[in-house]
Amino acid sequence: VKVQQQTGFFLALDMSGCSTPEALRRYGVGHLSYSGQVEMMYKMHEMRSRIIKNQKFDGSRVVAAILFEGTIDSQIGGLPSATYLWEHKRVVPFLK
């Protein structure tokens, strides 16, 4: 119902591995701060978590978030990412 009736944004939090280094660099995380794919994806999840946990990020502005499998499997605030998005932010999670 929320997706059908509310105006707002769909946030794409999914990223391919090839665009992740550039996104991290633009966020201020250089390639020397991680070693390998696993650490790089962890840094990316830290960045997403900081965005999602920000008080300005909520369901009044963001209707839904598109997540990739790695984010679904990770936690935010001690909860599965999808659960945190819905229960704390009222943002509908979608798996890409």
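Engineer: Would you mind going over a nonpolar patch on the surface with me for this structure?
Structural biologist: Together, V3, F10 and F94 make up a nonpolar patch on the protein surface, roughly 250 Å² of accessible area in all. Here F10 lies in strand β1 (residues 9-12). Exposure remark for F10: the relative accessible area of 45% places this residue in the partly exposed category.

Engineer: Even after reading the chapter, I still don't get the pairing of strand β2 (residues 62-67), so can you show me in this structure?
Structural biologist: Each regular strand shows side chains that alternate between the opposite faces of the sheet. With five of six residues buried, β2 is to be regarded as a mostly interior element. Both β1 and β2 contribute to a ladder of four bridges, which runs parallel. Each bridged residue has a counterpart across the sheet, and for A12 the counterpart in β2 is I66.

Engineer: Any chance you could explain the pattern of salt bridges here in plain terms?
Structural biologist: Pairs may arise between side chains of opposite charge once their charged atoms sit close together. For the structure shown, the criterion picks out three salt bridges. Among the salt bridges present, the one from E22 reaches R26, with a minimum N-O distance of 2.8 Å. Pair noted here: E22 and R26 are both in helix α2 (residues 20-27), with a separation of four residues, about one helical turn. In this structure E22 comes out as partly exposed when scored by relative accessible area, which is 33%. Among the residues examined, R26 registers a relative accessible area of 67% and is labelled exposed. Among the charged side chains, a network of salt bridges with common partners joins E22, R25 and R26.

Engineer: Where do I start with the sheet that holds β2 in this structure?
Structural biologist: Hydrogen bonds between backbone atoms are what pair the strands of a sheet, whose relative direction is either parallel or antiparallel. Strand order in this open sheet of three strands is β1-β2-β5, and the pairing throughout is parallel. Strands at the two margins of the open sheet, each flanked by one partner only, are β1 and β5 (92-95). On average, adjacent strands in this sheet sit at an angle of 25 degrees to one another, irrespective of strand direction. Each of β2 and β5 is contacted by helix α5 (residues 81-89), which is oriented at about 155 degrees to β5, the strand it contacts most.

Conventions and cut-offs
Residues numbered from 1 in each chain as written. Predicted model: local features only at pLDDT ≥ 70, side-chain atom pairs only at ≥ 80, totals over all residues. Heavy atoms only, no water. Patch = residues over 30% accessible without salt bridge, like charges linked within 9 Å, V, L, I, M, F, W, Y side chains within 5 Å. Areas by Shrake-Rupley, 256 points an atom, 1.4 Å probe, with all protein chains shown as cover. Salt bridge = Lys/Arg side-chain N within 4 Å of Asp/Glu carboxyl O. Helix = DSSP H or I, 4+ residues; strand = E, 2+ residues; numbered from the N terminus. Buried < 20%, exposed > 50% of the residue type's maximum accessible area, 1.4 Å probe, protein only. Pairing = 2+ DSSP bridges. Axes fitted to C-alpha atoms, helices over the stretch in contact; angles between N-to-C directions. Contact = heavy atoms within 4.5 Å.

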